[in-house]
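Report on the structure
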Amino acid sequence: MMLQKTTRLSLVDQVIIQIESLIESGSWMVGAKIPPEPDLVNDLQVSRNTLREGIRALCHAGVLVTKQGDGTYVSSNSTLGVAIQRRARKSSLLDTLEVRGALEREAAKLSAERRTEEDVERIRFYQQECNSSSVNGDLKRYVAADIKLHQTIVESTRNQMLIDLYEHITDAMQDSITAILKKQFAGNLPPKQHDELVDAIVAQDADTAVRVVQFFIDELKRATEMEEV
């Protein structure tokens, strides 16, 4: 098999990469209107057709949206996020939970192996937030703290691909998980739900951390199956 000569990125690809970088860095925020076409043509040093083709591709990917007679706006900060959101809408909640479980098991294992003292401090903070909101019966605060706790655990793995995947699949599931918790606990949120997981990570006990995550995901799956009966 003969190797083929590599080709350089097209101008359109370069435009797409630069626009994605501006969005992902936060220079262009979600909901913001992007600069007018003449400014972009001048800044990027490309033709109008090249720019328009790049913008069309990002609109098709769901990152940008064009409003007739108004302009083009940022609708998502990631093509990956859009793709996962679309796929999650086509999947059952059980399927999505199983994927989340796979990501969280690996995250728990890697966090136990790699977490720093600074990570532990942040994880403990959100653990306390969960426990406090549980005592007060504050579901909204509990869900927000729960998500931040798990995201912080994932961030402590230092695996950027895992971090990105988990962030977007959590976004896709947030409303569903809130509904499950609301029905499952009926106002009586579970006290100290995350203590065993956090203690295992702090103790660098990867096996226990993985086991605890699996138990939690199994509980969510059972609650989901009961809802679907």
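Before reading on, note that the structure itself is shown above.
Residues numbered from 1 in each chain as written. Predicted model: local features only at pLDDT ≥ 70, side-chain atom pairs only at ≥ 80, totals over all residues. Heavy atoms only, no water.

Turning to the environment of Pro190, a few remarks are in order. When you line up the elements, Pro190 lands in the loop between α8 (160-185) and α9 (195-202). The sequence separation of Pro190 and Gln127 amounts to 63 residues, and the corresponding C-alpha distance is 12 Å. (Helix = DSSP H or I, 4+ residues; strand = E, 2+ residues; numbered from the N terminus.)

Next up on the list: empty space enclosed by the protein. On inspection of all chains with the given rule, the structure shows three cavities of 30 Å³ or more. Approximately 80 Å³ is the volume attributed to the largest cavity. Taken together, Arg100, Val143, Asp146, Ile147, His150, Tyr166, Thr170, Met173, Gln174 and Ile177 make up the lining of the largest cavity. Put simply, the parts of the chain that give the lining of the largest cavity at least two residues each are α7 (139-155) and α8. The element best represented in the lining of the largest cavity is α8, accounting for five residues. For the lining of the largest cavity, a count of residues per class yields five nonpolar, three polar and two charged. (1 Å grid on protein atoms, 1.4 Å probe; cavity = no way out; pocket = protein on both sides within 12 Å on 5 of 7 lines; lining within 4 Å. Points joined across faces, edges and corners; volume = space filled by probe spheres on them. Nonpolar A, V, L, I, M, F, W, Y, C, P; charged D, E, K, R; others polar.)

So, about the pairing of strand β2 (residues 71-74). For strand β1 (residues 64-67) and β2, the ladder comprises four bridges, and the chain directions are antiparallel. By the bridge assignment for β2, Lys67 is matched with Gly71. Count of turn residues in the β1/β2 antiparallel hairpin: three residues, of which Gly69 carries a positive phi of about 75 degrees. (Pairing = 2+ DSSP bridges.)

Moving on, we get to the environment of Thr79. Tracing the backbone shows Thr79 in helix α4 (residues 79-90). Along the chain, Thr79 and Val63 lie 16 residues apart, while their C-alpha atoms are 6.0 Å from each other. What Thr79 contacts, discounting residues up to four positions off in sequence, is Glu20, Ala61 and Val63. (Contact = heavy atoms within 4.5 Å.)

Our next topic: a positive patch on the surface. On the surface, a cluster of positive charge is contributed by Arg86, Arg87, Arg89 and Lys90. Within the secondary structure layout, Arg89 lies in helix α4. (Patch = residues over 30% accessible without salt bridge, like charges linked within 9 Å, V, L, I, M, F, W, Y side chains within 5 Å. Areas by Shrake-Rupley, 256 points an atom, 1.4 Å probe, with all protein chains shown as cover. Salt bridge = Lys/Arg side-chain N within 4 Å of Asp/Glu carboxyl O. Lys, Arg positive; Asp, Glu negative; His and termini not counted. Charge placed at Lys NZ, Arg CZ, Asp CG, Glu CD.)

For the rest of this paragraph, the subject is helix α3 (residues 48-61). Counted at 1.5 Å a residue, the expected span for α3 with its 14 residues is 20 Å, and the 20 Å between its end C-alpha atoms agrees. Restricting attention to buried positions, one finds in α3 the residues Thr50, Leu51, Gly54, Ile55 and Leu58. Buried residues of α3 fall within an arc of 130 degrees about the axis and therefore sit on the same side. What points out from α3, more than 90 degrees from its buried face, is the exposed set Asn49, Arg56 and His60. Along its buried surface, α3 packs onto α1 (11-24), α2 (37-44), β1 and β2. Among the residues trailing α3, Gly62 stands out with phi positive, at a value near 90 degrees. (Expected span 1.5 Å × (residues − 1). Buried < 20%, exposed > 50% of the residue type's maximum accessible area, 1.4 Å probe, protein only. Arc of directions from axis to C-beta.)

Enumeration according to the criterion identifies one aromatic pair in this entry. For the ring pair Phe125 and Tyr126, a centre distance of 5.1 Å and an interplane angle of 80 degrees mean the geometry is edge-to-face. Residue classification places Tyr126 among the buried positions, given a relative accessible area of 18%. A cation over an aromatic ring shows up here: Lys67 above the ring of Tyr73, its NZ or CZ 4.4 Å from the ring centre. (Phe/Tyr/Trp six-rings, centres within 6.5 Å; stacked < 30°, edge-to-face > 60°. Lys NZ or Arg CZ within 6 Å of the ring centre and 35° of its normal.)

Right, let's get into the packing of helix α5 (residues 93-114) against α9. Two packed helices can be described by the angle between their axes and the distance between those axes. Close contact between α5 and α9 brings their axes to 7 Å; oriented N to C, the two are set at 40 degrees. Relative to α9, α5 is oriented oblique. Across the interface between the two elements, Ala108, Ser111 and Ala112 of α5 pack against Leu197, Ala200 and Ile201 of α9. (Axes fitted to C-alpha atoms, helices over the stretch in contact; angles between N-to-C directions. Parallel < 35°, antiparallel > 145°, perpendicular 65-115°, else oblique.)

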